Amino acid sequence: RTGVTSFLATFITAPMPELVGALGRAAQARHRLAVLGGARLLGVHLEGPWIAAEQAGAHDPSLMSDPTPAHVRALLEGDYGLRILSMVTLAPERSGALRAVAELVAHGVVVSVGHSHATAQQTEAAADAGATMVTHLFNAQRGLHHREPGVAGHALVDERLTLGLIADGHHVHPDVLTLALRAAGHRVALVTDAAAPTGAPPGRYALGGATVTVDADGLPRRDDGTLAGSTLRMDDAVRTLVDLGIDPAQALRCASTVPADVLGRGDLGRITVGAAADLVWWSDELVVRRTWVAGTPLPPP
């Protein structure tokens, strides 16, 4: 209904055995979804547990840990060679993180810097080790300072890094969204960071072992007021950029070609010979009218 043809499922910080088990369940879910038809589950994004307590966001700091070789091996072996593990978000300042980046990338896993208090130098070191993305730029990371650019400042100038951006106008101020698009729009990948309550009315919901409240603006928050993901839809994210004056063609690339490229999926996110016949029909008002996945039309919204 929102024009999404492929997506990654995200699991947040949890004990390692639970995450390994989740990979197996995700592989089963991917198979079931492929049979049912509709948007593809490309793989899993693990957002934690190798992240920084200083930038925990809605994650449980007591469950965070360093990426030891044994933990990295457990995840890679738990993938069972199915390539369900697609992306890992980690904080490069943690002990063993750069070694983990290199190991994960060598096995075809995209590594993203996020929930991190890293300096610009540490962020650059992560890119040197093979990291190619930043998870929800500006959120849950060391911000931009004129003497210490931090994660956000370095990411804006490092051409190796794709910038995930939550374009709901709440997680990132519209002026800062515009700044990021002007500075590095060709590297911005729109992400929803959508949590379980997406599409549901305001109220109380369970999320990652905690309870969150979705307010009248559709923002899920923990009891202390911390944002706990979003309820953003991808079509809304595209409209947000266009409303800011971003060219529609660029906004659509941020929702299609750029995220496909960072995942190494040249067969997705574009209309060209050899690519999957994924199409989205938008109205003049940028409302999704129809979606096709692999040439199959899906029921209209």
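Our subject is the structure listed above.
Since we're looking at a predicted model, the values are computed, not measured.

How each quantity is defined
- Each chain carries its own residue numbering, running from 1 in the written order of its sequence.
- In view of the model being predicted, local features appear only for residues whose pLDDT reaches at least 70, and side-chain atom pairs are presented and counted only at 80 or more, with totals across whole chains, interfaces and linings using the full set of residues.
- Here the side-chain values reflect all heavy atoms present in the structure, with hydrogen atoms and water set aside.
- Here a helix means four or more residues in a row that DSSP labels H or I, a strand means two or more in a row labelled E, and each is numbered from the N terminus.
- For a compact globule the rule gives 2.2 Å times the number of residues to the power 0.38, and the radius of gyration it is set against comes from C-alpha atoms.
- Only protein chains enter the accessibility calculation, which uses a 1.4 Å probe; a residue is then buried when its area is under 20% of its type maximum, exposed when over 50%, and partly exposed in between.
- Note on areas: Shrake-Rupley, 1.4 Å probe, and residue coverage restricted to the protein chains presented here.
- By definition, the arc is the one covered by directions from the helix axis to the C-beta atoms.
- Whether two residues are in contact is decided by their heavy atoms, any of which lying within 4.5 Å being enough.
- Following DSSP output, two strands are said to pair if at least two bridges run between them.

(A) Spatial organisation of the overall build of the protein chain. Looking only at helices and strands, one finds nine helices and 13 strands in the protein chain. Rg of the C-alpha trace for the protein chain: 18 Å, near the compact-globule value of 19 Å for 301 residues, within the 12% margin. Counting all 301 residues of the protein chain, 46% fall into the buried class. Only carbon and sulfur atoms are counted for the fraction: they give 54% of the accessible area of the protein chain, which is about 13900 Å².

(B) Quick peek at unusual backbone geometry. The omega torsion of the bond from Gly48 to Pro49 falls at 15°, within 30 degrees of zero and hence cis. Tracing the chain through its elements places Pro49 in the loop between strand S2 (40-47) and helix H2 (69-78). Backbone geometry places Asp193, a non-glycine residue, at a positive phi of 55°. Along the chain, the position of Asp193 falls in the loop between strand S7 (188-190) and strand S8 (203-207).

(C) Molecular detail of helix H4 (residues 120-129). All buried positions along H4 are accounted for by Ala120, Thr123, Ala126 and Ala127. Buried residues of H4, viewed axially, fall in a sector of 115°; they line one side. Every exposed residue of H4 that faces more than 90 degrees away from the buried side is listed here: Gln121 and Asp128. Those residues of H4 that are buried are in contact with helix H3 (97-106), strand S4 (110-113) and helix H5 (150-157).

(D) Looking closely at the sheet that holds strand S13 (residues 296-297). Spatial strand order, S11-S12-S13: three strands in an open sheet with antiparallel pairing. Bordering the open sheet on either side are strand S11 (279-282) and S13, each of which pairs with just one other strand. Examined bridge by bridge, strand S12 (residues 288-293) and S13 share two bridges and lie antiparallel to one another. Its bridge partner being in S13, Val293 is matched across the sheet by Thr296.

(E) Region of the structure containing the side chain of Ser65. Its place among the elements puts Ser65 in the loop between S2 and H2. Overall, the relative accessible area of 18% leaves Ser65 in the buried class. Apart from residues lying up to four places away in sequence, Ser65 is in contact with Pro49, Trp50, Ile51, His71 and Arg94.

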